[in-house]
There are 2 protein chains.
Amino acid sequence: MSAGTNRTRELITGGPVIILVEPQLGENIGMVARAMANFGLSELRLVNPRDGWPSEKARAVAAKADHVIDGVKVFSSLEEAVADLNRLLATTARQRDMLKPVLAPDTAANLVKERMAINEKVGILFGRERWGLENDEVVLADEIITFPVNPAFASLNIAQAVLLMSYEWMRTSVDEGETRFETPERVPASRGDLVSLLDHLEEALDEAKYFYPPEKREIKSLNLRNIFTHAGLQEQEIQTLHGVVAALERRWMRPRGAKPGDERNTEEE
Amino acid sequence: MSAGTNRTRELITGGPVIILVEPQLGENIGMVARAMANFGLSELRLVNPRDGWPSEKARAVAAKADHVIDGVKVFSSLEEAVADLNRLLATTARQRDMLKPVLAPDTAANLVKERMAINEKVGILFGRERWGLENDEVVLADEIITFPVNPAFASLNIAQAVLLMSYEWMRTSVDEGETRFETPERVPASRGDLVSLLDHLEEALDEAKYFYPPEKREIKSLNLRNIFTHAGLQEQEIQTLHGVVAALERRWMRPRGAKPGDERNTEEE
């Protein structure tokens, strides 16, 4: 899978199945669908949604994640909802006294990827808004996922938890550091262009008595040249700075008392 | 910084400053505060919030992230809001024609960490709900952050974007793979205990004519022993399985037609 570039509008689908156990609010189901679509997940299952299904609220909040909403499957028990899955992970905010591996979301996302690569069907369980998953639901899972939250402020809502897992799915799928659009390539100007700018600047500064007293000239010049060299200027930027220096030169040549506006034509040339 | 363990209730604060430019809805500001608190960020600045400040809606939605809400600072221009910062990053979903490095959130979080480690004050800019940041706002930033989203479904709301950056701040702060509570340590039972269980099981299966015909006995026994050995059973689990086998043995010894309840006292012994 690739996140593509800004030029493509590829709709990414796939990823692990997301299973919500007894979700209460249609809005939350909609937010979950939207978060899944944001990061390329598409298969959503609901176990006994409190307010039934379909849900107009869910669709409204899902903001065009219709491919997720249309594909929702509803089950009357968790066992049925996970029957076809080879592997199951359960998200939980509380420590459980179960002998199951506890994974951070990034580790879990990599594990899901490894399993899906060998054609296992993988699902991730999310609990109710109010009290999460029951122990007899967690027990069905192979591993537990927990989020690295602030211990004193650990309440993630269900849509946020799905968002983070979906993000990790996408993040761990793209190449390290890859982004949707790229850092523009900087082509540094030639040394010659840089030197001509520095010469132009120094001429102007000479005129402005910047290099006074004369014994400071060398160190001041060196400092200036270091600053502009370090800036890694591009050719276009060099041209811009030539213009800046030229404008300042003209400013000094302007008769005292004249306002900048008087020379507008000259400055915009 | 450490995410601590489940035993502590440490309130983590700090991290980069979050700056929202002209946020429109108090609810979104509240969700942002909550997301920040979840992942240990605490300093929130607002530039010209549309509906003013303070906001009761924001506080209600923030769900007890009062330390963030109480600390909010409001500014009338972005320039004032970032005046004391040494470094600024801008989040954006659109490609900008600017010669700035474009970073993924994880790379950005690591960069923020490096800078804060050398005592730089760092801020992250988030734009308006409707149209994000203007170019003349992005231009103030040193780098651009963009999220690895589904190209065909790229709309993250402001609270989700802050959640993901805050999560990355926390994730990249804890040791790789560290979780708030740990995978319980499994202490495998001694081989002797395992063998006694397997012997017990085989006796029961002998009784039940499982090992029939006799020439299949060896392979069936080997397979069974492999299964239970591979399971990495702990001492307590061995005891549980002894109980299971014992119960099944009693079941066969139960007179035909007797109901399980007739033997309840025996089964619970």
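For clarity, every value in this text was computed on a predicted model and none was experimentally measured.

Residue and element names in this part refer to chain B. By the secondary structure assignment, Leu 224 is in helix H9 (residues 217–230). What makes Leu 224 buried here is its relative accessible area of 13%. When the C-alpha atoms of Leu 224 and Glu 202 are compared, they prove to be 9.0 Å apart, with 22 residues separating the residues in sequence. Every residue in contact with Leu 224, bar those within four places of it in the chain, is listed here: Leu 198, Leu 201, Leu 205, Tyr 210 and Phe 211.

With that settled, the discussion passes to the domain arrangement of chain A. One can read the domain layout of chain A as domain 1 (17–173) and domain 2 (191–253). Relative placement of domain 1 of chain A and domain 2 of chain A: their C-alpha centres are 60 Å apart.

Here helix H1 (residues 26–38) of chain B spans 18 Å end to end across 13 residues, near enough to the 18 Å set by a 1.5 Å rise per residue. Most of H1(B) is tucked away: 11 of the 13 residues are buried. All of the buried residues in H1(B) are B:Gly26, B:Asn28, B:Ile29, B:Gly30, B:Val32, B:Ala33, B:Arg34, B:Ala35, B:Met36, B:Ala37 and B:Asn38. Its buried side turned inward, H1(B) meets helix H7 (158–171) of chain A together with strand S1 (17–21), strand S2 (44–47), helix H2 (56–61), helix H3 (66–70) and helix H7 (158–171) of chain B. Once H1(B) finishes, B:Gly40 follows within two positions and takes phi at roughly 80°, a positive value.

Along the chain, B:Arg171 turns up in helix H7. Each residue touching B:Arg171, except ones within four places of it in the same chain, is listed here: A:Asp106, A:Pro148, A:Glu168, A:Arg171 and B:Asp106.

Through backbone hydrogen bonds, the strands of a sheet pair up, either in parallel or in antiparallel fashion. All names here are of chain A. Reading across from one edge, S3-S2-S1-S6-S4-S7-S5 is the order of the 7 strands in this open sheet, with parallel pairing throughout. In this open sheet, the two edge strands, each paired with only one partner strand, are strand S3 (73–75) and strand S5 (102–103). Pairing analysis gives 4 bridges linking strand S1 (residues 17–21) to strand S2 (residues 44–47), with the strands arranged parallel. When the bridges of S2 are listed, Leu 20 appears paired with Leu 46. Together, strand S4 (87–91), S5, strand S6 (122–126) and strand S7 (143–145) form the strand contacts of helix H5 (residues 105–117), whose direction differs from that of S4 by roughly 165°.

Turning our attention to the packing of helix H5 (residues 105–117) of chain B against H7(B). Describing two packed helices takes the angle between their axes plus the distance from one axis to the other. Residues and elements named next belong to chain B. Two elements in contact, H5 and H7, have axes whose closest approach is 9 Å; the angle formed by their N-to-C orientations is 60°. The orientation of H5 relative to H7 falls into the category oblique. Here H5 runs over H7; the crossing is right-handed. Taken together, the residues of H7 that come into contact with H5 (itself represented by Pro 105, Asp 106, Ala 108, Ala 109, Val 112, Lys 113 and Met 116) are Met 165, Glu 168, Trp 169 and Arg 171. Tallied by class, residues from the contact of H5 with H7 come to 7 nonpolar, no polar and 4 charged.

Next up on the list: the packing of aromatic side chains. In this structure the tally under the stated criterion is 5 aromatic pairs over all chains. Ring centres 5.0 Å apart and planes at 80° place the aromatic pair A:Tyr210 and A:Phe211 in the edge-to-face group. Looking at A:Tyr210, the relative accessible area reads 34%, which means it is partly exposed. Here the aromatic residues A:Phe39, A:Tyr167, B:Phe39 and B:Tyr167 are joined through ring pairs into a cluster of three or more. Lying across the ring of A:Tyr210, A:Lys220 places its NZ or CZ 4.7 Å from the centre.

Thresholds applied
- Residues numbered from 1 in each chain as written.
- Chains lettered and ligands numbered in written order.
- Predicted model: local features only at pLDDT ≥ 70, side-chain atom pairs only at ≥ 80, totals over all residues.
- Heavy atoms only, no water.
- Helix = DSSP H or I, 4+ residues; strand = E, 2+ residues; numbered from the N terminus.
- Buried < 20%, exposed > 50% of the residue type's maximum accessible area, 1.4 Å probe, protein only.
- Contact = heavy atoms within 4.5 Å.
- Domains from an automatic or database assignment.
- Expected span 1.5 Å × (residues − 1).
- Pairing = 2+ DSSP bridges.
- Axes fitted to C-alpha atoms, helices over the stretch in contact; angles between N-to-C directions.
- Parallel < 35°, antiparallel > 145°, perpendicular 65-115°, else oblique.
- Left-handed = near helix turned anticlockwise from the far one by under 90°.
- Nonpolar A, V, L, I, M, F, W, Y, C, P; charged D, E, K, R; others polar.
- Phe/Tyr/Trp six-rings, centres within 6.5 Å; stacked < 30°, edge-to-face > 60°.
- Lys NZ or Arg CZ within 6 Å of the ring centre and 35° of its normal.

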